Amino acid sequence: MRVKILPPHGCDRSALDERSWAELPAGSTVRDALRLVRCGPLKAKLLLVSVNGERSPLDRELRDGDVVGFFFPVSGG
Amino acid sequence: MTSFTGKILRVDLGTRSAEALSVPPEVYEAVLAGKGLEAWYLYTHIPAGADPLGPENILAFAAGALCGTGAFLTGRWTVACKSPLTGGWGDANCGGLFAPAIKQCGYDAIFLSGIAEEPVYLFCDGKTVEVRDASAYWGLDATEAEAALHRDLDGVCRKRPCIACIGQAGEKRSLISGICNEGGRIAARSGVGAVMGSKKLKAVVLAGSLPMRCHDPEAVKALSRELGRKLLKMTLPTGLGVFIGAGGRMMGHLPYLPMDGSLTAYMFREWGTQANTSLAITSGDGPIRNWGGTPKDVRRMDAVYNPEHINKIETAKYHCYSCPLGCGGKLNIRGRKYVGFDETHKPEYETIEAFGPLLMNGSLDSIYQLNELLNRAGMDTISAGNTVAWAIECFEHGILTTEQTDGLALTWGNTEAILTLVKKMIAREGFGDALADGVKRASERFGGREYAMHIGGQEPGMHDARNDPQLGVHFVAEPAPGKHTVGMGIEYGAMSLCDICSWAPPATLHPKARDLEDTETMALVTKANACYTMLVDGAGGCYYGQMMGVHMWKLVDYINAAEGWHYDGDHYMEIGERIQTLRQLFNVKQGVDPASFKLPKRMLGEPPLPSGPLKGVTLSQHRGQVSSHWRAFGWDDRTGVPLPETVKKLGIDRLTEVSV
């Protein structure tokens, strides 16, 4: 399945395509997505990881088309 | 069935006559409603060279396509006309309840031409249309006029009417005046209030109760339920606002990052747009000292304008029509310094920035007073703040003296002088009269043009192009120049437009300096931003929905469900492209040279700032970026004029032959 991941600064984006989508096996969880971009669980919790705009536990199972994001107010704006 | 009523109302105020006209479906399919419908009508009906304050100018009020369908965040109404400020396309929009009121009278838009002999207001309840005497309301501020009209009409109408009206600024044809509703909420930009005042039209009163429909209301509701559930669940620890200023300090130095736009929903729900103030002060986004200062000049001011301070005196939140967020609020300001009112709307970011850091004014209490004064008068706080900033800088350099300023010592941060000057501008009294038409006219009269911050005659919104070069492109390439709502780099990074549009470049992690470069990718980014914003305007959408991103606020799905269409994102982006090209053609028809819109030297970084997050930044490739933006749109990259093949490709040649 394909999942969009919008990791915060300091993560590894090499597994993401140019539009920030990644292939994950069916049954993958938020934790698996975080592992893919090398985002530690503590950082993810601090930055309030969300799926499709909803704050989510790390063991939430992802579905095709989900967007994993962070409440991260600091970009280069 | 679609969401469109299929009708517009045309009113001639000179003859006091009105007629309802049917609009062919192909027009809606080409431009939706809202700003798109206005662009089509005004381009074809305002003659070239029309006096913006004369009878030939047409003032349009329109609801968007999705208004009344059950789609969330689609309650904006747009007013458009030939702008007296720029001489070209002018528009402004606002929330509240006025947009659905247009549709409940049975129309998608109302177009008013001519000039009334005496002050009038337009009354419409879905059955009758009348141009009525407004002499009893002329001279009242917008909030007083609205209250008086409610007092006189509420018992007479079957439904409590919705009212858009002008205050003293519009009556006195201040070129920086807007149109108000809901007790001082204002569609502020482009001098639309002056056009309404020139027509002697005090108010538009709508009391219809016709049903609003769409193709598949259940599908629309399902999308809204999904969005509403997410927004309700969205909670963060309280008190986070105190860290926003510190966040801004980091932002000023970090690279751009594609983000989850849903964060913006939380910020606007919790604090409103004022959440941005302390962040803007420290990050380089917000202008300081008439765009010539740095955060060093306003140390600790980010703490003064911390959003938690304002939230503490908020007594109630309010929502626009079909909005689950509620970014608006009422504040209890009784007994505060400088304040003569008991309550005011929660000031928007633009207002706080324009009368705070831009003027080096650290008094939050004075902002409340200025906010209420300007909202009631119906004067644009962005333009007014920029104009006062120019006056202060001219005073500093001896271009203005107390002889011209009626004895006012216009120094930075002089709160009393700022308040007095704004009151004079509203009343068009003494020196204030010269400033009531904006900074371009004032500087043409007194000098100090190097300190006059405007683009094509309109003062820029409170965001710095040196911090966001994409915004700099929109400031000058936008047919209504100086508007900050068309696109920004940080917004592009949050919207994921590449997931609905095949040609929109993906947002990437990249250093800010890269956005200073003139590249084909950058041109496609600014084009995508502008096209999507025009689509949102045609739908009557809220920019805060737009900022949440396409995965959160599913605009394409909403339109397909509401209209029974099955188009993809590329098709809808082309609608946006068509609307933007029509607006550009409007300017060309009216003799406005798109290449004459230029960023002020100061905003180009000439000379560069000596410190802070924007230290040393110069937009040396800005003109090239604008040319590339025009080329991406299929407009002449030297003149900005849409090419004949583009006009044909977008079907504008056929569209403009459709008559009503």
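Residues numbered from 1 in each chain as written. Chains lettered and ligands numbered in written order. Predicted model: local features only at pLDDT ≥ 70, side-chain atom pairs only at ≥ 80, totals over all residues. Heavy atoms only, no water.

J.: Please clarify how the domain arrangement of chain B should be interpreted in this entry.
T.: One frequently used descriptor of interface size is the decrease in accessible area upon assembly of the parts. Residues and elements named next belong to chain B. What the domain assignment reports for chain B is domain 1 (7-206), domain 2 (263-451) and domain 3 (469-655). Averaged C-alpha coordinates put domain 2 and domain 3 at centres separated by 28 Å. Taken together, the contact between domain 2 and domain 3 spans 21 residues of the former and twelve residues of the latter. Between domain 2 and domain 3 lies a buried interface of about 1300 Å² when both sides are counted; carbon and sulfur atoms form 68% of it. At the junction of domain 2 and domain 3, the tally comes to one salt bridge. For Glu 393, the salt bridge is made with Arg 602, and the minimal N-O distance between the two is 2.8 Å. (Domains from an automatic or database assignment. Contact = heavy atoms within 4.5 Å. Buried area = accessible area lost by both parts, 1.4 Å probe. Salt bridge = Lys/Arg side-chain N within 4 Å of Asp/Glu carboxyl O.)

J.: Quick question: what am I supposed to make of the pattern of salt bridges here?
T.: Any two side chains of opposite charge can pair if their charged atoms end up close together. Tallying each qualifying case throughout the model produces 39 salt bridges over all chains. Of the charged contacts in the structure, one is a salt bridge between Asp 499 of chain B and Lys 4 of chain A, with a shortest N-O distance of 2.6 Å. On the criterion of chain membership, the pair formed by Asp 499 of chain B in the loop between α20 (489-495) and α21 (520-539) and Lys 4 of chain A in strand β1 (residues 2-5) is interchain, its members lying in two chains. With relative accessibility at 2%, the residue Lys 4 of chain A sits in the buried group. Here Arg 189 of chain B and Asp 380 of chain B are joined by a salt bridge, their closest N and O atoms 3.0 Å apart. (Helix = DSSP H or I, 4+ residues; strand = E, 2+ residues; numbered from the N terminus. Buried < 20%, exposed > 50% of the residue type's maximum accessible area, 1.4 Å probe, protein only.)

J.: It is not clear to me how the environment of Ser 177 of chain B should be interpreted in this structure. Could you clarify?
T.: Residues and elements named next belong to chain B. Structurally, Ser 177 is set in the loop between α5 (168-171) and β10 (179-181). When the C-alpha positions of Ser 177 and Leu 535 are compared, they lie 26 Å apart, and in sequence the two are 358 residues distant. Sequence-distant contacts of Ser 177, that is, excluding residues within four places in its chain, are made with Ala 169, Gly 170, Ala 188, Gly 191, Val 192, Gly 193, Ala 194, Gly 378, Met 379 and Asp 380. Within polar-contact distance, the side chain of Ser 177 engages the backbone oxygen of Ser 174 at 2.6 Å. (Polar contact = N/O pair within 3.5 Å; in protein donor to acceptor, adjacent residues only side chain to side chain.)

J.: Just checking my understanding: could you explain the sheet that holds β1 of chain A for this structure?
T.: Within a sheet, adjacent strands bond to each other through the backbone by hydrogen bonds, running parallel or antiparallel. All names here are of chain A. If you walk across this open sheet you meet the five strands as β2-β1-β5-β3-β4, and the pairing is mixed. Whereas interior strands pair on both sides, the edge strands pair on one side only; in this sheet they are β2 (21-23) and β4 (54-55). Note that β1 and β2 share three bridges and pair antiparallel. Following the sheet pairing, Lys 4 is matched in β2 by Trp 21. (Pairing = 2+ DSSP bridges.)

J.: What am I meant to see in the packing of helix α7 (residues 217-233) of chain B against helix α23 (residues 555-563) of chain B here?
T.: Each packed pair of helices is defined by two parameters, the angle between the axes and the distance between the axes. Residues and elements named next belong to chain B. Contact geometry of α7 with α23 gives a least axis separation of 8 Å together with a crossing angle of 155°. By the criterion of interaxial angle, the relationship of α7 to α23 is roughly antiparallel. Along the contact surface, α7 presents Ala 219, Val 220, Leu 223, Ser 224 and Leu 227, while α23 presents Asp 557, Tyr 558, Ala 561 and Ala 562. (Axes fitted to C-alpha atoms, helices over the stretch in contact; angles between N-to-C directions. Parallel < 35°, antiparallel > 145°, perpendicular 65-115°, else oblique.)

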